[in-house]
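Structural overview for review
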Amino acid sequence: MTVIASNLQAVNRAIAQAARTAQRRAEEVTLLAVSKTFPATAVRAAYQAGQRAFGESYVQEAQGKIEALRDLPLEWHFIGPIQSNKTRAIAEIFAWVHGVDRLKIAERLSAQRPQNLPPLNVCLQVNVSAEGSKGGVAPDQVAGLAQAVARLPHLRLRGLMAIPAPAEGLAGQRKPFAHLRELMRQLNAQGLALDTLSMGMSYDLEAAVLEGATIVRIGTAIFGQRNYGENK
Ligand SMILES: *Cc1c(COP(=O)(O)O)cnc(C)c1O
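Rules used in this analysis
- Residues numbered from 1 in each chain as written.
- Predicted model: local features only at pLDDT ≥ 70, side-chain atom pairs only at ≥ 80, totals over all residues.
- Heavy atoms only, no water.
- Helix = DSSP H or I, 4+ residues; strand = E, 2+ residues; numbered from the N terminus.
- Rg over C-alpha atoms; globule rule 2.2 N^0.38 Å.
- Buried < 20%, exposed > 50% of the residue type's maximum accessible area, 1.4 Å probe, protein only.
- Contact = heavy atoms within 4.5 Å.
- Areas by Shrake-Rupley, 256 points an atom, 1.4 Å probe, with all protein chains shown as cover.
- Salt bridge = Lys/Arg side-chain N within 4 Å of Asp/Glu carboxyl O.
- Core = buried A, V, L, I, M, F, W, Y, C linked by side-chain atoms within 4.5 Å.
- Near = heavy atom within 4 Å.
- Polar contact = N/O pair within 3.5 Å; in protein donor to acceptor, adjacent residues only side chain to side chain.
- Nonpolar A, V, L, I, M, F, W, Y, C, P; charged D, E, K, R; others polar.
- Phe/Tyr/Trp six-rings, centres within 6.5 Å; stacked < 30°, edge-to-face > 60°.
- 1 Å grid on protein atoms, 1.4 Å probe; cavity = no way out; pocket = protein on both sides within 12 Å on 5 of 7 lines; lining within 4 Å.
- Points joined across faces, edges and corners; volume = space filled by probe spheres on them.
- Expected span 1.5 Å × (residues − 1).
- Arc of directions from axis to C-beta.

As for the overall build of the protein
- Assigned secondary structure in the protein consists of nine helices and eight strands.
- Compactness check: the protein gives a C-alpha radius of gyration of 17 Å against a globular reference of 17 Å for 232 residues, within 12% of the reference.
- If you line up the protein on its principal axes, its C-alpha atoms span 50 × 40 × 30 Å.
- Across the 232 residues that make up the protein, the buried fraction comes to 49%.
- Here the analysis covers contacts within the protein between residues at least 6 apart in sequence; of these, 60% occur between residues at least 24 apart.
- Carbon and sulfur atoms provide 49% of the accessible area of the protein, an area that totals close to 11000 Å².

Put into structure tokens, the structure is as follows:
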């Protein structure tokens, strides 16, 4: 078994364990393998171990990898910050985009989504940590943005995403995830039909699953430490 295959097995076990604790079914949680900075060969190894959904943060890097892996039935998710001059490429090669936090970006993605593809699945990134510096719409602005994005023809608004500031301990990690879950509940009470909470990374996966994550975005625990030196 490759290191990647055994890491994947361990991550899937951790998801199943947390789901059991939360009295959820493990199948409610999709594992998104975050392959940024790792080569196509690593993605291929993960595919051979059963993994199908992959997350990338840099458009140019993703373009090369997606092209090199065209022979595999993979689902690609864009999870990085979105620059306006990259929306066309994103709309053309990804199935999901997790980090939408401005209407202007959503409008460009909708307008540029190729007509022969299904609608682009979108999550709105919410800044649920007061001191979080990773972008995202403020919690009190999310309802307005969600109503506007839900009307765009070539997008399918699926839910909310967050990257909370690192917190110590399970209770501290759960708090921002609980906040995100509550925000989605409120949006659905206002008539939206959101089904996705994209939350949880390698170090806070358990807290995220306990609070209702439906997509966890895991890189390091699957592929190892990233080396940004030669890449970004
Ligand atoms: C890199 C990245 C991840 C993966 O983080 P790990 O700590 O390696 O699991 C998850 N989400 C986003 C948005 C990322 O940029």
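After that view of the structure, there is still more to cover.
Let's talk about the pattern of salt bridges
- Per the counting criterion, the structure on display carries 11 salt bridges.
- A salt bridge links D71 to R44, with the nearest nitrogen and oxygen atoms 2.9 Å apart. Placement of the pair is D71 in the loop between α3 (59-68) and β3 (75-78) and R44 in helix α2 (residues 40-48), with a sequence separation of 27 residues.
- When its relative accessible area of 26% is taken as the criterion, R44 is described as partly exposed.
- Taken together, the salt bridges that share partners define one network made up of R24, R25, E27 and E28.

Focus on the nonpolar core
- In terms of nonpolar packing, the biggest core is built from 67 residues, with L109, L124, L160, I222 and F223 touching the most fellow members.
- Top contributing element to this core by residue count: helix α1 (residues 3-21), with six residues.
- Residues contacting L160, with those up to four places away along its chain left out, are C123, L124, V126, V142, L180, L183, M184, L187, T196, L197 and S198.
- In terms of nonpolar packing, the next biggest core, distinct from the first, is built from eight residues, V34, I79, C123 and I215 among them.

What about the site of the ligand?
- Near the ligand lie 13 residues; those nearest to it are K36, S202, G219, T220 and R226.
- Taking K36, its side chain carries an N or O atom lying 2.6 Å from an oxygen atom of the ligand.
- Within the backbone of G219, one N or O atom sits 2.8 Å away from an oxygen atom of the ligand.
- Protein chains bury 90% of the 390 Å² of accessible surface belonging to the ligand in isolation.
- For the shell around the ligand, the per-class residue count stands at six nonpolar, four polar and three charged.

So, the packing of aromatic side chains
- Following the criterion strictly, the structure yields three aromatic pairs and no others.
- Plain terms: the ring middles of F38 and F223 are 5.4 Å apart, the flat faces sit at 25 degrees to each other, and that makes the pair stacked. Taken as a pair, F38 in the loop between β1 (30-34) and α2 and F223 in helix α9 (residues 220-223) lie far apart in primary sequence, 185 residues in all.
- Overall, the relative accessible area of 10% leaves F223 in the buried class.

Examining unusual backbone geometry
- Its identity is not glycine, yet Q23 carries a phi of approximately 55 degrees, on the positive side.
- Checked against the element boundaries, Q23 lands in the loop between α1 and β1.
- Despite not being glycine, T37 shows a phi value in the positive range, around 75 degrees.
- By the secondary structure assignment, T37 is in the loop between β1 and α2.
- The exposure class assigned to T37 is buried, which follows from its relative accessible area of 12%.

Looking at the layout of surface pockets
- A volume near 350 Å³ is recorded for the second largest pocket.
- Together, 15 residues line the second largest pocket, and I66, R70, L74, W76 and I93 are the ones closest to its centre.
- Elements represented by at least two residues in the lining of the second largest pocket include exactly α3, β3 and α4 (87-93).
- Looking at the lining of the second largest pocket element by element, the count peaks at three residues for α3.

Things to note about α1
- Across its 19 residues, α1 extends 27 Å between first and last C-alpha, which sits within 8% of the 27 Å expected from 1.5 Å per residue.
- Every buried residue of α1 is listed here: I4, A5, L8, V11, I15, A18 and A19. Take α1 and look down its axis: the buried residues cluster within an arc of 150 degrees, on one side only. For α1, the exposed residues lying more than 90 degrees away from the buried face are V3, R13, R20 and T21.
- Looking at the buried positions of α1, the neighbouring elements they touch are β1, α2, α8 (205-210), β8 (215-218) and α9.

From the geometry alone we can't say anything about function, so treat these as descriptive.
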